[in-house]
Amino acid sequence: MSRSAREPPPAQLRVPSLTLKAGRERSLKLRHPWIFSGAIDRVDGDLASGSTVTVLAADGTPLARAAYSPSSQIRARVWSFDPDDSIDAGFISAAIARAAASRATLFDTDHTAARIVHGESDGLPGVVADRYGDVVVVQLSSAGAEFFRAAIVDALAALPGVHCVYERSDAEVRALEGLPQRTGVAQGTLPTSLTMREDGLRYGVDPVAGQKTGFYLDQRDNRRLVRTLARERRVLNAFCYTGGFTLAALAGGAASVVSIDSSAEALAQGHANIARNPGLAAKHNQWVEADAFADLRRLRNAGATFDLVVLDPPKFAPTAAHAERASRAYKDVNLLALKLLAPGGQLATFSCSGGVSSDLFQKIVAGAALDANATVHIQRRLGPSADHPVALNFPEGDYLKGLLLRKS
Ligand code: SAH
């Protein structure tokens, strides 16, 4: 070890530091933002949850500045790969402004909602912010994000046209970071009813009681695709939530739509969503409150067939550890969907499980096609819309994958 490493310059004495084990700096050099507990040799200084540390290689070379999370396996998340960067309100607000600006072209009169901050992929680990008109719904899920909560809320509230920041920090992952759940208005006043437009269609959003931040914005492009495929088709939309794909299919001229979800609240919002768009033929859609697995089986037993099926189930595998059980669920539901498809029909099938890779998902669907005795081709590979970018240094961000399939 060199003399200068053993006697760090004064600036490093002032800031708490985290020193990696020998050879464990590789992922940081690849700019991966997570530091796992097993890679850490020691921490020096007073480290409160979420406070900023300088990350040092085993030889004392400064590598990055990161947020320390004492109770998580992901013990630190990198804010900056420049070890000289000050991590403060100015740093946070510049990063948020940059992230929001990169979505500018996604907003127009027909599109008033998009994700404006997408966590690690925007250099802001544990920070997700979705904008619905003049309301931003923020979700903080890491100790570092929690530490800078006030700066994050202020920066979001300062974006042009934002009148309210509502917090939905109630994701289960917060427990892994030792954080309690918190929800409520963080700044401004939440309107009694919030609506947004996507592709010209009007949807209600409930930031207080809705799932995630209120709407599944990641499926925007795929709803657009379904709209273009739906003309005169008999459509089945399983796991429909508030009817995102249902409205898209109706707007695209579907002959009929059957929309299934297990959540009565989601279906009630779906009902209201159709009413919000007077041009849509509500009579062509049937809402079904049911377990989708059971209902697809029932439809199959009743001899029903469809020309276009959308399958957008919840996250069966949050991590790779759940992949096996999740694989069975994906296979079952895809098998049923393929059996329900008429010859020449199309299936848009998705997985939003971080623990199931695109390759694995394709293999699962191939297994389902084999068991369904169906000849199936991939017409298109699908992913999230541009407001959910995947940073190349953070492949874990690649959670939503989908296939547009055609059955011969
Ligand atoms: N496609 C939707 C988002 C789907 S999210 C959109 O575009 O907005 C997944 C949905 O699956 C949620 O609405 C959830 O309520 C529902 N869900 C979860 N488990 C289910 C089950 N077993 N049967 C039916 N729906 C289920």
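For the structure itself, look to the data block above.
Computed from a predicted structure; not experimentally measured.

Draft legend 1. Examining the overall build of the protein more closely. In terms of helices and strands, the protein carries 13 helices and 20 strands. If one aligns the C-alpha atoms of the protein with their principal axes, the spans along those axes are about 75 × 50 × 35 Å. Buried positions account for 55% of the 408 residues belonging to the protein. Considering only residue pairs separated by 6 or more positions, the protein has 64% of its internal contacts joining residues 24 or more positions apart. Counting every atom, the protein has about 17800 Å² of accessible surface; 52% of that belongs to carbon and sulfur. Each charge class in the protein was averaged separately, 46 positive and 42 negative side chains, and the resulting centres sit 5 Å apart.

Draft legend 2. Main features of the pattern of salt bridges. Counted by the stated rule, this structure contains 19 salt bridges. Ionic pairing is found between Arg 224 and Asp 199, a salt bridge with its closest N-O pair at 3.0 Å. You can see Arg 224 sitting in helix α8 (residues 220–229) and its partner Asp 199 sitting in the loop between β12 (194–198) and β13 (201–205), a full 25 residues away along the chain. When its relative accessible area of 42% is taken as the criterion, Arg 224 is described as partly exposed. On the basis of relative accessible area, Asp 199 is assigned to the buried category, the value being 17%.

Draft legend 3. A look at the site of the ligand. Lining the immediate surroundings of the ligand are 15 residues, of which Arg 223, Asp 261, Asp 291, Ala 292 and Asp 312 lie closest. At a separation of 2.8 Å, an oxygen atom of the ligand approaches a polar side-chain atom of Arg 223. For the shell around the ligand, a count of residues per class yields eight nonpolar, three polar and four charged.

Draft legend 4. Region of interest: the packing of aromatic side chains. A complete count under the given rule lists eleven aromatic pairs for this structure. A centroid spacing of 5.0 Å and a plane angle of 55 degrees characterise the contact between Tyr 203 and Phe 215, whose relative ring orientation is tilted. One end of the pair, Tyr 203, is in strand β13; the other, Phe 215, is in the loop between β13 and α8, with twelve residues separating them in the sequence. Given a relative accessible area of 0%, Tyr 203 falls into the buried group. Ring-pair connections join several aromatic residues into one group, and the members of that group are Phe 239, Phe 293, Phe 316, Tyr 330 and Phe 361. Taking NZ or CZ as reference, Arg 223 lies 6.0 Å from the ring centre of Phe 245, over its face.

Draft legend 5. Main features of the nonpolar core. In terms of nonpolar packing, the biggest core is built from 38 residues, with Tyr 132, Met 196, Phe 215, Val 235, Ala 249 and Phe 350 touching the most fellow members. With four residues, the top contributor of residues to this core is helix α9 (residues 244–251). Sequence-distant contacts of Phe 215, defined by excluding residues within four places in its chain, comprise Tyr 132, Met 196, Glu 198, Tyr 203, Val 205, Arg 223, Tyr 241 and Thr 242. Ala 292, Ala 304, Val 309 and Leu 335 belong to the second largest nonpolar core, which has 37 residues in total.

Cut-offs and rules
- Residues numbered from 1 in each chain as written.
- Predicted model: local features only at pLDDT ≥ 70, side-chain atom pairs only at ≥ 80, totals over all residues.
- Heavy atoms only, no water.
- Helix = DSSP H or I, 4+ residues; strand = E, 2+ residues; numbered from the N terminus.
- Buried < 20%, exposed > 50% of the residue type's maximum accessible area, 1.4 Å probe, protein only.
- Contact = heavy atoms within 4.5 Å.
- Areas by Shrake-Rupley, 256 points an atom, 1.4 Å probe, with all protein chains shown as cover.
- Lys, Arg positive; Asp, Glu negative; His and termini not counted.
- Charge placed at Lys NZ, Arg CZ, Asp CG, Glu CD.
- Salt bridge = Lys/Arg side-chain N within 4 Å of Asp/Glu carboxyl O.
- Near = heavy atom within 4 Å.
- Polar contact = N/O pair within 3.5 Å; in protein donor to acceptor, adjacent residues only side chain to side chain.
- Nonpolar A, V, L, I, M, F, W, Y, C, P; charged D, E, K, R; others polar.
- Phe/Tyr/Trp six-rings, centres within 6.5 Å; stacked < 30°, edge-to-face > 60°.
- Lys NZ or Arg CZ within 6 Å of the ring centre and 35° of its normal.
- Core = buried A, V, L, I, M, F, W, Y, C linked by side-chain atoms within 4.5 Å.

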